[in-house]
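Architecture and fold: a report
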Amino acid sequence: MEYGISNEDKRILREVAEKHKEFASQERNTVLKEKWYKHNALQGEIPMVVLESWGFNNEVIVPRLKCTGDFARKVEFDLYQDFVGQELFEDDRVTPDCFEMNYDTEFKLYGLDMKKEFATGKEEEDCAGISVRFLPVIEDLEDDLEKIGPSVFSVDLESSRKKLEAVTEAIGDILPVKRKMDCLYSVPTQMLIHLMGMENMMLNIAQYPELFKKIMDQAADDTLAYYDLLEEKGVILPTTEYESVGQGTFAFNRELPGQETLKERKLTRRDVWGYMDSQETLSISPKMFEEIIFPCYEKIGSQFGLLSYGCCEPVDKVWDSCISKFKNLRKVSISPWCDEEFMGERLRGSNVIYHRKPAATFLGISGKELDEEAFRAYIRKSLHAARGCKMEITQRDIYTIDRNIEKARRYIQIIREEIEDHWK
């Protein structure tokens, strides 16, 4: 991809940057930032609420895009992504007072390329909401063991520099353009699913448990070697403000090292937020998870400064035996398949935030009006289960709102009303 921006695309980006700046300068953002700081420090008074739009951005962002160049269009998209929550839904996302850009990095597990096919029969640049299946690169683990080589990872400082310079030249006088790093994001079983497919992965765990544990151990070691490279290159940056921590939450905290520390030394993985999940293993027994999967996760996850854990998996099944062992755990996902009451009991009075992920069925079913009464009862149940905990609510996995912005806004309003009436 070329990083040049045409004059017309630059004009468009500058218009969007002005809008971004307008939203960021509102007092609302200052207030929300402080709420996030208190929340992540376990001092918040009420749950934070976020609606992730990535699954339906084709309805709320893509129709607005006017840039024609590929790189400029991506920048335009990212600018809108920063303030779409504030503009459209009034959730608790904070519009940054700058435009932040990540370094270009790559991690390829075992050096293997995944193969996939979409329901449309073609490769999709944006696969949100499109059915996809992963074609096995590794089928029988014992037969295909020779395919598993060292993982490949890299940092492209040159392309990162060119992108930053191009965007700074285009909009830097309107909106500061800064380098950032989101949380260190590690999901080993997801990468294995992409190489094996679900059925093959389950069969290989059952047939070759020791061999599977061995390749999990390699995944952990290779991941830590990748982090060594990031540290060496100086591209591990503070996760103390707007940075994503995965799964619809944000880094705001005053516990981890920030910019002042970065001026004195390079940061390491122990200085930043990390994120992990293993939703692909929900169908194996808790004992098998503990013996085969968790050693890899523990080796990686225990090294982060703070950890957020979980996606769609029911963490209650492995909480006592595994996940509760993380001393740096600050947030844990309470998915629609999780025993809410059990986790409420376990997290009550603890230093771990009850990160509720409501079912997508209320907002995300196409063609249906919001069943307000049923949704109120659903959210109220979660609020009761989490009493005595520090709670956060992130609505994820919504792939359409039928272009009905008001329905989504009302959804957030109902959550806030239920918090007002039932959170104690």
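In what follows, the structure referred to is the one given above.
Residues numbered from 1 in each chain as written. Predicted model: local features only at pLDDT ≥ 70, side-chain atom pairs only at ≥ 80, totals over all residues. Heavy atoms only, no water.

A separate point is the overall build of the chain. The helix and strand inventory of the chain stands at 14 helices and 13 strands. For the chain, the C-alpha atoms occupy an extent of roughly 55 × 55 × 50 Å along the three principal directions. When burial is assessed residue by residue, the chain has 54% of its 424 residues classed as buried. Total accessible area on the chain stands at roughly 19,000 Å², and carbon and sulfur atoms take up 48% of it. (Helix = DSSP H or I, 4+ residues; strand = E, 2+ residues; numbered from the N terminus. Buried < 20%, exposed > 50% of the residue type's maximum accessible area, 1.4 Å probe, protein only. Areas by Shrake-Rupley, 256 points an atom, 1.4 Å probe, with all protein chains shown as cover.)

Time to look at the packing of helix α13 (residues 372-385) against helix α14 (residues 405-422). Relative to each other, α13 and α14 sit at 45°, their axes nearing to 10 Å. Viewed along their axes, α13 and α14 adopt a mutual orientation that is oblique. For the element pair α13 and α14, the recorded crossing hand is right-handed. Counting all contacts with α13, which are made through E372, F375, R376, I379, R380, L383 and H384, the residues of α14 involved are R410, Y411, I414, I415, E417, E418, I419 and H422. (Axes fitted to C-alpha atoms, helices over the stretch in contact; angles between N-to-C directions. Parallel < 35°, antiparallel > 145°, perpendicular 65-115°, else oblique. Left-handed = near helix turned anticlockwise from the far one by under 90°. Contact = heavy atoms within 4.5 Å.)

Outside of glycine, negative phi angles account for most residues, and trans bonds account for most peptide bonds. A positive phi angle is found at Y110, which is not glycine, with a value near 60°. Inspection of the secondary structure assignment puts Y110 in the loop between β3 (104-108) and β4 (115-118). Overall, Y110 belongs to the buried group, its relative accessible area being 2%.

Let's shift gears to the nonpolar core. F89, F212 and I323 are the most contacted members of the largest nonpolar core, which totals 115 residues. Beyond its immediate sequence surroundings of up to four residues, I323 is in contact with F289, F294, Y309, V318 and L329. Within the second largest apolar cluster, ten residues are counted, among which are V187, V245, L256 and L306. (Core = buried A, V, L, I, M, F, W, Y, C linked by side-chain atoms within 4.5 Å.)

A few words now on the packing of aromatic side chains. Tallied over the full model, the rule gives 22 aromatic pairs. With a centroid separation of 5.8 Å and 55° between ring planes, the pair formed by F153 and Y226 is classed as tilted. You can see F153 sitting in strand β6 (residues 152-156) and its partner Y226 sitting in helix α8 (residues 209-233), a full 73 residues away along the chain. For F153, a relative accessible area of 26% translates into the label partly exposed. A relative accessible area of 11% places Y226 in the buried class. Relative to F326, the ring of F294 has its centre 5.4 Å away and its plane inclined at 70°; by these criteria the two rings are edge-to-face. Highlighted residues: F294 in helix α10 (residues 286-301) and F326 in the loop between β10 (306-309) and β11 (329-334), separated in sequence by 32 residues. Of the residues examined, F294 reaches a relative accessible area of 3% and is grouped as buried. Of the aromatic side chains, those joined through ring pairs into one cluster are W36, Y37, Y242, F250 and F252. For R179, the ring lying beneath its charged end belongs to Y103, and the centroid distance is 4.3 Å. Of note, R254 hangs over the ring of Y37, and the distance from its end group to the ring centre comes to 3.9 Å. (Phe/Tyr/Trp six-rings, centres within 6.5 Å; stacked < 30°, edge-to-face > 60°. Lys NZ or Arg CZ within 6 Å of the ring centre and 35° of its normal.)

Inspection of the entire model under this criterion finds 40 salt bridges. Within this structure, E372, R376, R380, R410, E417 and E418 form a network of salt bridges that share partners. (Salt bridge = Lys/Arg side-chain N within 4 Å of Asp/Glu carboxyl O.)

Looking now at α8. Here α8 is 25 residues long and its end C-alpha atoms lie 36 Å apart, about the 36 Å a rise of 1.5 Å per residue gives. Count one or two residues on from α8 and you reach G234, which has phi positive near 75°. (Expected span 1.5 Å × (residues − 1).)

Next up on the list: the state of the cysteines. In the structure shown here, the tally under the stated rule is zero disulfides. Looking at the unpaired C183, the closest cysteine sulfur is the one in C311, lying at 13 Å. A relative accessible area of 9% places C183 in the buried class. (Disulfide = S-S within 2.5 Å.)

This part is about the side chain of E59. The residue E59 is located in helix α3 (residues 57-60) in this model. In this structure E59 is buried but unpaired, with R403 as the nearest side chain of opposite charge at 5.5 Å. Ignoring sequence-local partners within four residues, the contact set of E59 consists of Y399, T400, I401, D402 and R403. (Lys, Arg positive; Asp, Glu negative; His and termini not counted.)

Turning our attention to the sheet that holds strand β9 (residues 273-276). Strand order in the open sheet formed by seven strands is β1-β13-β12-β11-β10-β9-β8, and the pairing between neighbours is parallel. Every other strand in the sheet has two partners, leaving β1 (48-51) and β8 (184-186) as the edge strands with one partner each. This sheet shows a mean twist of 20° between the axes of neighbouring strands, independent of strand direction. Helix α2 (residues 27-40) rests against β1, β11, β12 (353-356) and β13 (391-395) of the sheet, and its axis sits at about 110° to β1. Helix α11 (residues 340-347) contacts β11 and β12 of the sheet and is inclined by roughly 160° relative to β12. (Pairing = 2+ DSSP bridges.)

Along any regular strand, the residues point their side chains to alternate faces of the sheet. Burial within β11 is extensive, with six of its six residues counted as buried. Of the pairings in the sheet, the one linking β10 to β11 comprises three bridges and is parallel in character. Each bridged residue has a counterpart across the sheet, and for L307 the counterpart in β11 is L329. As judged from the four bridges shared by β11 and β12, these two strands associate in the parallel manner. Within β12, the residue paired with K331 across the bridge is I353.

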